[in-house]
Amino acid sequence: MMRPRNFWKLASALLGLGAVGKAQCPDYTSYSREAHGNLSSGPLALPYMRPDPACRTFNSTAVEQVIEDMKARLKDPDLARLFENTFPNTLDTTVKYYNSSENLAFIITGDITAQWLRDTANQFAHYKSLLAIDEELARLVKAVINNEARYVAEYPYCGAFQPPPESGLSPSHNDWADGVTVNPPVNNQTVFECKYEIDSLCGFLKLSRSYFDATQDDSFMNDNWFGAIDQIFRVINEQSQPSFDENFNFISYYNWTGGNGALSPRVPNGGNGEPKAYTGMVGTHHRPSDDISVFAFLTPANAMLSVELDHLATVLDATGQGANISQSAKEWSARIRDAVWDTTVVDNIFAYETNGFGGRYVMDDANVPSLLSLPYLGFLDKEDPAYVATRDVLLSNKNPYYASGGGFSGTGGPHVDPWHPWPMSQISAIFGSDDDDEIVNALYIIANHTNGLGLIHESQSIYNGSDYTRSWFAWANSYFAEMLLDLADRKPGLIFSEDESYRPGQ
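Residues numbered from 1 in each chain as written. Predicted model: local features only at pLDDT ≥ 70, side-chain atom pairs only at ≥ 80, totals over all residues. Heavy atoms only, no water.

A. View of the overall build of the chain. Secondary structure assignment for the chain yields 19 helices and 16 strands. Since a compact globule built from 506 residues should have a radius of gyration of about 23 Å, the 22 Å found for the chain is in line with a globular shape. Here the C-alpha coordinates of the chain stretch approximately 70 × 50 × 50 Å along the principal axes. For the chain, the residues scored as buried account for 59% of the 506 residues in total. Considering only intrachain contacts with a sequence separation of at least 6, the fraction spanning at least 24 residues in the chain is 69%. (Helix = DSSP H or I, 4+ residues; strand = E, 2+ residues; numbered from the N terminus. Rg over C-alpha atoms; globule rule 2.2 N^0.38 Å. Buried < 20%, exposed > 50% of the residue type's maximum accessible area, 1.4 Å probe, protein only. Contact = heavy atoms within 4.5 Å.)

B. Structural detail: the nonpolar core. Residues Met70, Phe83, Phe87, Phe204, Trp225, Leu309 and Met483 are the most contacted members of the largest nonpolar core, which totals 136 residues. Beyond its immediate chain neighbours, meaning those up to four positions away, phenylalanine 87 contacts Val63, Val66, Ile67, His126, Tyr127, Leu130, Ala481 and Leu485. (Core = buried A, V, L, I, M, F, W, Y, C linked by side-chain atoms within 4.5 Å.)

C. View of empty space enclosed by the protein. Scanning the model with the defined rule gives three cavities of 30 Å³ or more in all. Taken as a whole, the largest cavity holds about 70 Å³ of empty space. Lining the largest cavity are Ala121, Phe124, Ala125, Tyr127, Lys128, Leu131, Val141, Lys206, Leu207, Ser210 and Tyr211. Those elements that place two or more of their residues in the lining of the largest cavity are helix 7 (117-124) and helix 9 (198-215). Looking at the lining of the largest cavity, the element that brings in the most residues is helix 9, giving four residues. Classifying every residue of the lining of the largest cavity by side-chain character gives eight nonpolar, one polar and two charged. In this model, the second largest cavity occupies a volume close to 50 Å³. Lining the second largest cavity we find Arg50, Arg56, Phe58, Asn59, Ser60, Val63, Glu64, Pro88, Leu91 and Asp92. Of all the secondary structure elements, the ones that give two or more residues to the lining of the second largest cavity are helix 4 (61-73) and helix 6 (89-93). (1 Å grid on protein atoms, 1.4 Å probe; cavity = no way out; pocket = protein on both sides within 12 Å on 5 of 7 lines; lining within 4 Å. Points joined across faces, edges and corners; volume = space filled by probe spheres on them. Nonpolar A, V, L, I, M, F, W, Y, C, P; charged D, E, K, R; others polar.)

D. Here's a closer look at the packing of aromatic side chains. Taken as a whole and assessed by the stated rule, the structure comprises 23 aromatic pairs. Ring centres of tyrosine 151 and phenylalanine 161 lie 4.2 Å apart, and the angle between their planes is 5°; on these two criteria the pair is classed as stacked. In this pair, tyrosine 151 is assigned in helix 8 (residues 135-154) and phenylalanine 161 in strand 4 (residues 160-161), connecting sequence segments ten residues apart. Three or more aromatic residues joined by ring pairs form one cluster here, namely Phe83, Phe87, Phe124 and Tyr127. The residue whose ring lies beneath arginine 335 is tryptophan 332, and the NZ or CZ to ring-centre distance is 4.3 Å. (Phe/Tyr/Trp six-rings, centres within 6.5 Å; stacked < 30°, edge-to-face > 60°. Lys NZ or Arg CZ within 6 Å of the ring centre and 35° of its normal.)

E. Here's a closer look at the pairing of strand 13 (residues 402-405). Bridge count for strand 13 against strand 14 (residues 408-411) is four bridges, and the pairing is antiparallel. Bridged to glycine 405 within strand 14 is phenylalanine 408. Adjacent in sequence and paired antiparallel, strand 13 and strand 14 are bridged by two residues, among which glycine 406 carries a positive phi angle near 60°. (Pairing = 2+ DSSP bridges.)

F. Looking closely at the layout of surface pockets. Put simply, the largest pocket is a space of about 760 Å³. Looking at the largest pocket, it is lined by 26 residues, and the ones nearest its centre are Ala125, Tyr376, Phe431, Glu482 and Asp486. Those elements that place two or more of their residues in the lining of the largest pocket are helix 9, helix 12 (299-319), helix 14 (374-377) and helix 18 (474-490). With five residues, the single largest contributor to the lining of the largest pocket is helix 18. Partitioning the lining of the largest pocket into residue classes produces ten nonpolar, five polar and eleven charged.

G. Representation of the pattern of salt bridges. Following the criterion strictly, the structure yields 24 salt bridges and no others. The partner of arginine 503 in a salt bridge is aspartate 489, and the shortest N-O contact between them spans 2.9 Å. Remark: aspartate 489 occurs in helix 18 and arginine 503 occurs in the segment after helix 19 (492-495); sequence separation between them is 14 residues. Relative accessible area serves as the criterion here: at 45%, arginine 503 is assigned to the partly exposed category. Classification of aspartate 489 as partly exposed rests on a relative accessible area of 25%. Linked through salt bridges whose partners overlap, the residues forming this network are Arg118, Asp119, Glu197, Asp199 and Asp290. (Salt bridge = Lys/Arg side-chain N within 4 Å of Asp/Glu carboxyl O.)

H. Here's a closer look at the state of the cysteines. Inspection of the entire model under this criterion finds two disulfides. Each sulfur of the disulfide joining cysteine 25 and cysteine 55 lies 2.2 Å from the other. The sign of the -90° torsion about the S-S bond sets the cysteine 25-cysteine 55 disulfide as left-handed. Of this pair, cysteine 25 sits in the loop between helix 2 (19-24) and helix 3 (28-31) while cysteine 55 is found in the loop between helix 3 and helix 4, placing the two residues 30 residues apart along the sequence. A disulfide bridge connects cysteine 158 with cysteine 194, and the sulfur atoms are separated by 2.1 Å. For the disulfide bridge between cysteine 158 and cysteine 194, the dihedral angle about the S-S bond is near -80°, and by the sign convention the bridge is left-handed. (Disulfide = S-S within 2.5 Å.)

I. Molecular detail of helix 13 (residues 323-343). Here helix 13 contains 21 residues, and its C-alpha end-to-end distance of 30 Å stays within 8% of the 30 Å for a straight helix at 1.5 Å per residue. Turning to helix 13, its buried residues number three or more, namely Ile325, Ser326, Ala329, Trp332, Ser333, Ile336, Ala339 and Val340. Taken around the axis of helix 13, the buried residues stretch over an arc of 160°, which confines them to a single face. Seen from the buried face of helix 13, the exposed residues on the opposite side, beyond 90 degrees, are Ala323, Asn324 and Asp342. On its buried face, helix 13 sits against helix 10 (223-239), helix 12, strand 9 (345-346) and strand 10 (349-350). (Expected span 1.5 Å × (residues − 1). Arc of directions from axis to C-beta.)

J. Representation of the sheet that holds strand 12 (residues 360-361). Read from one edge of the open sheet, three strands run 8-11-12, paired in antiparallel fashion. What marks the edges here is a single partner per strand, and that holds for strand 8 (297-298) and strand 12. Alignment of strand 11 (residues 353-354) against strand 12, held across two bridges, turns out to be antiparallel. The residue bridging glutamate 353 from the neighbouring strand is tyrosine 361, located in strand 12.

K. Up close: the packing of helix 8 against helix 9. Running from N to C, helix 8 and helix 9 cross one another at 150°; their axes reach a closest spacing of 10 Å. Taken as axis vectors, helix 8 and helix 9 run roughly antiparallel relative to one another. Seen along the crossing, helix 8 lies across helix 9 with a hand that is left-handed. Mapping the contact onto sequence places Ala138, Val141, Lys142, Val144, Ile145, Glu148, Ala149 and Val152 in helix 8 and Leu201, Phe204, Leu207, Ser208, Tyr211 and Thr215 in helix 9. For the contact of helix 8 with helix 9, the class distribution of residues is ten nonpolar, two polar and two charged. (Axes fitted to C-alpha atoms, helices over the stretch in contact; angles between N-to-C directions. Parallel < 35°, antiparallel > 145°, perpendicular 65-115°, else oblique. Left-handed = near helix turned anticlockwise from the far one by under 90°.)

Set out below in structure tokens:
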């Protein structure tokens, strides 16, 4: 295991703090667009895309052991290479700043130098089982939680942030935020982008409880953390209210105007979006894709919120802290869960978004939380009849953002365009299936479409195999590796030479 002193000796080169590091370590955005290293021996001949050890942003012997364990078991050398490239990608490339004595870490999403609450939680999800055996990796995650707690406590409606001032790293300029008015106002030296997405707060809760589940260490529950939890409940209370009170006074706690070249168009109704009625769910302004929502009540985000609030209560009860917060979390979890089932399901089909007035939008977006990912989120069983029926709709032309062609298929979203499905959607489909043929088909739809680069991209054109977006997208890489580890446990015979389950850290 790498100790802090050795880590910082390495990090000085990794983060460009010395001339040698700057000269020798390429920018991974460019590096990820070209093939490197020896090719895998399978028919896809995939390259080795890890940076040189001296250029990796964090080292974990436990992670390296999992890579070796999986490579020894996977029967397809191309899948082995994909795992070898994707499993360590977050640690190899995205730890922009880490100081264990300050209990602070800044994790970028990949080719964008900002920390997204949602992305970070997903980037670290597949390392959960290693936190109990790698103390330095656990300290890194705790430092991420503490940094995010400071962000959330100050700006709970925002989802993407600049480096902490202690890092000495300069804030990045976000062209997409130019000319966008946000209320409450934000400081762009702290906030990279202030789009309100309830799943971002869910991501913070997920990372917190995953850390505790793995380590049983409650030291992350400091003043910063409880300050963040208070603000999360503030948002829940504010955004569950209808747009009008009983006297038709318009209620607005947050608005975002869009427009002026921003990726999302100008938002109607003074930046407040479409009106909503009370349902028991919590409204959101943007989707997990960072695109503006059509209707405020995003079903999968509320499903995730219900699950994570239940986990929050479990953590609080286990540590004997925040009894009143725990009770509130339980009440909100049940209220939201009931509202999802009572107001979003018609004829056994979940709507992606609703507004409480009867409006519903049946579609799915690839970004998690999605309807396809409901079993992965822990909201329902993959055999639930409503999920099975909804899944059939989503993976067909009845979903406006499903597309198929050129051997590739899946759901996408307006973040790119309808003919660029996202590999992430096929990963969610695998988590949501026990059918061997479905799983293998989806797995190789993904594996066969990396443009020969051996990394998981954001989206892929159905018309042109070399037309994709984001060569360096750490969340997608982590999600793919997490899925392979899930199959290693529940379906080892599909991917291993021997039908024997494997669980990292055990």
